[in-house]
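Now for the letters of each chain:
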Amino acid sequence: MRNGSIPGTRGRVRPLTLLGSPVLHTPCEEVTDFGPQLSTLVDDLFATMYAAQGVGLAANQVGESLRVFVYDCPDDEDVRHLGHVVNPRLVEADGLVMRGPEGCLSLPGLEAGTERYDHAVVEGFTVTGEPVRVHGTGFFARCLQHECDHLEGKVYADRVTGWRHRRLMRQAARASWHR
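Conventions used here
Residues numbered from 1 in each chain as written. Predicted model: local features only at pLDDT ≥ 70, side-chain atom pairs only at ≥ 80, totals over all residues. Heavy atoms only, no water. UniProt positions renumbered as here; feature names shortened; annotations may be inferred. Helix = DSSP H or I, 4+ residues; strand = E, 2+ residues; numbered from the N terminus. Buried < 20%, exposed > 50% of the residue type's maximum accessible area, 1.4 Å probe, protein only. Contact = heavy atoms within 4.5 Å. Pairing = 2+ DSSP bridges. Axes fitted to C-alpha atoms, helices over the stretch in contact; angles between N-to-C directions. Salt bridge = Lys/Arg side-chain N within 4 Å of Asp/Glu carboxyl O.

Caption draft 1: Spotlight on the UniProt feature "active site" (unreviewed entry) in the protein. Here, the residues flagged by UniProt with the feature "active site" (unreviewed entry) are Glu 147. As for its placement among the helices and strands, Glu 147 is situated in helix H2 (residues 138-151). Residue classification places Glu 147 among the buried residues on the basis of a relative accessible area of 3%. If near-sequence neighbours (up to four positions away) are discounted, Glu 147 is found in contact with Gly 56, Leu 57, Ala 58, Gln 61 and Phe 69.

Structure representation (structure tokens):
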């Protein structure tokens, strides 16, 4: 991302990958090329996330099996967190386990009570290869854990159990976007 630019303004909106697509259920590859294609991908992720009115988006949600995600997400104190992480590693997930409503742009219109820690730390790199460490609390911690899960080939539905999982899968099967 260029200094002083507004994320997503140079990107193009890509089609979202939906639940059931193999790319969502396969761990993503490490990024090894920090060149212009990576910057373009990050711009496209921001543009797509904003067009879909999301707070985070992982590369596999637009069909790219690379370890990259973007976010523009508030925490519980309504502080805005904006950025991206390349090759992220969830290095801390601790504190209280909170069950809260969670949705996903790859399961449009659906949500389910999902348990997440209320504190998370992610380490990785920027598009230029600079190290970055991102701390999140509350809703933003949920977002960081959610996006890291995507890059491991998981969606939030994989964390939902029992009747909540059965209900979510029934709703997904009836959704107009379901294959």
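Caption draft 2: Layout of the sheet that holds strand S5 (residues 131-137). On the basis of which strands lie adjacent, the open sheet formed by 5 strands has the order S1-S2-S3-S4-S5 and antiparallel pairing. Here the strands that pair on one side only, and so sit at the sheet edges, are strand S1 (56-58) and S5. Each neighbouring strand pair of the sheet contributes to a mean axis angle of 30°, computed without reference to strand direction. Of the pairings in the sheet, the one linking strand S2 (residues 68-74) to strand S3 (residues 80-103) comprises 7 bridges and is antiparallel in character. By the bridge assignment for S3, Val 68 is matched with Val 86. Against the sheet, helix H1 (residues 36-51) contacts S1, S2 and S3, and its axis sits at roughly 40° relative to S2. Together, S1, S2, S3, strand S4 (111-125) and S5 form the strand contacts of H2, whose direction differs from that of S4 by roughly 80°.

Caption draft 3: Representation of the pattern of salt bridges in the model. Within this structure, the stated rule accounts for 14 salt bridges. Residue Arg 142 is joined to Glu 102 by a salt bridge in which the shortest nitrogen-to-oxygen separation is 2.7 Å. Of the two residues, Arg 142 is situated in helix H2 and Glu 102 in strand S3; the sequence distance between them amounts to 40 residues. What you see here is one network of salt bridges that share partners, running through Glu 102, Arg 116, Arg 142, Asp 149 and Arg 159.

Caption draft 4: Broad picture of the UniProt feature "binding site: Fe cation" (unreviewed entry) in the protein. UniProt records the feature "binding site: Fe cation" (unreviewed entry) for Cys 104, His 146 and His 150 in the present numbering. Look at the named residues: they lie 47 residues apart in sequence, but the longest C-alpha span between them is just 10.2 Å, so in the fold they bunch up. Its location among the elements puts Cys 104 in the loop between S3 and S4. On the basis of relative accessibility, which here comes to 9%, the residue Cys 104 falls in the buried class. Setting aside anything within four residues of it in sequence, one finds Cys 104 in contact with Gln 61, Leu 110, His 146, His 150 and Tyr 156. Along the polypeptide, His 150 turns up in helix H2. Taking relative accessible area as the criterion, His 150 reaches 0% and is therefore assigned buried. Residues in contact with His 150, not counting those within four places in the same chain, are Leu 24, Cys 28, Ala 58, Asn 60, Gln 61, Cys 104 and Val 155.

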